[in-house]
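If you want the building blocks of each chain, they are given just below.
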Amino acid sequence: MKRLPTLFVSHGSPMFAIEPGVSGPNLLALGERLAPDVRAIVVVSPHWQTIGIKVGTTPQPETIHDFGGFPPVLYTLQYNPPGEPALAQRVLDLLQTAGLDAKADPSRGLDHGAWVPLRYLRPQAELPVIQVSMPRNLNARTAYELGRALASLRDEGILVIGSGSLTHNLYELRQDIRDPEYAQAFADWARHAVETGNAQALIDYRTMAPHAERAHPTNEHYLPLVVAMGAAGPQASGTLIEGGMTYRTLSMDSFLFDS
């Protein structure tokens, strides 16, 4: 079986579900390119944060509309892939073998960090999808270790996805920001670190990246990037999947990692 790459995807605002912009067609094309080799998907999203790690084990995950104040059409959208309890148990085994505190959640569905980008990557929703939570105490170092624990799934036809946002300052998104260029500077730095395979820089981004605290006042939407790189392996580098900049400061760039 072919070894799969891993993916970091910027899922942006929930409006991404109906406003594909630059990213949507590029993710659709990527999904079509990867399709022959992918049998299931494991996704980590910051919109499911828990004490310890939880793994969704339901055979039919529901669509969770975990947002408010958006157009009514968003709440009618459904993305209903099957689950796969046996694969979920495999994920649990890998996490626990790596010494991580992981437990099953038999009822959790898919939040918008999972189902919105999957609408583009796999619009048919025919493949099993397993969601893994982010522990509340996750940091960049342990995010890399979480990814490493999932790395062997690449040899089993499982696409590991970290879904977050390359920049994520929601306060500034709602303001009249006079210097939005800071977000592009951070995105450019991240792209260089990814393309050169500099995992240590991505882990130490708070001290190494320009405008790190401004681009990510909190780190939960950044950490899936490190998870995806960890799952790809220590020699991994990534290629850009262009997403553009939405709302002036919200980067939609994604990265495909391979070792």
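In the block above lies the structure referred to throughout.
Reading guide: rules and limits
Residues numbered from 1 in each chain as written. Predicted model: local features only at pLDDT ≥ 70, side-chain atom pairs only at ≥ 80, totals over all residues. Heavy atoms only, no water. Buried < 20%, exposed > 50% of the residue type's maximum accessible area, 1.4 Å probe, protein only. Helix = DSSP H or I, 4+ residues; strand = E, 2+ residues; numbered from the N terminus. Pairing = 2+ DSSP bridges. Contact = heavy atoms within 4.5 Å. Phe/Tyr/Trp six-rings, centres within 6.5 Å; stacked < 30°, edge-to-face > 60°.

> I'm lost on the pairing of strand E6 (residues 158–164) in this one. Help?
Two faces, one strand: in a regular strand the side chains alternate between the faces of the sheet. Of all seven residues in E6, seven are buried, a share of seventy percent or more. Neither face of E6 is exposed, since Ile 158, Val 160, Gly 162 and Gly 164 on one face and Leu 159, Ile 161 and Ser 163 on the opposite face are all buried. Across four bridges, the pairing between strand E1 (residues 6–10) and E6 is parallel. Paired with Leu 7 across the bridge in E6 is Ile 161. Note that strand E2 (residues 40–50) and E6 share five bridges and pair parallel. Residue pairing for E6: Val 44 is matched across the bridge by Gly 162.

> Just checking my understanding: could you explain helix H3 (residues 112–121) for this structure?
Given 3.6 residues per turn, any residue in an α-helix points the same way as the ones three and four places further on. With nine of ten residues buried, H3 is to be regarded as a mostly interior element. Along H3, the residues classified as buried are His 112, Gly 113, Ala 114, Trp 115, Val 116, Pro 117, Leu 118, Tyr 120 and Leu 121. Where the residues of H3 are buried, they touch E1, helix H1 (23–34), E2, strand E5 (129–135) and E6.

> I keep staring at the packing of aromatic side chains and nothing clicks. Help me out?
Remark: the centre distance and the inter-plane angle together describe each pair of aromatic rings, the angle taken between the planes. Evaluated as defined, the whole model comprises seven aromatic pairs. Relative to Tyr 222, the ring of Phe 186 lies with its centre 6.2 Å away and its plane at 70 degrees, an arrangement referred to as edge-to-face. Of the two residues, Phe 186 sits in helix H6 (residues 181–195) while Tyr 222 sits in the loop between helix H9 (212–215) and helix H10 (223–232), which places them 36 residues apart along the sequence. The buried category is assigned to Tyr 222, whose relative accessible area is 0%.

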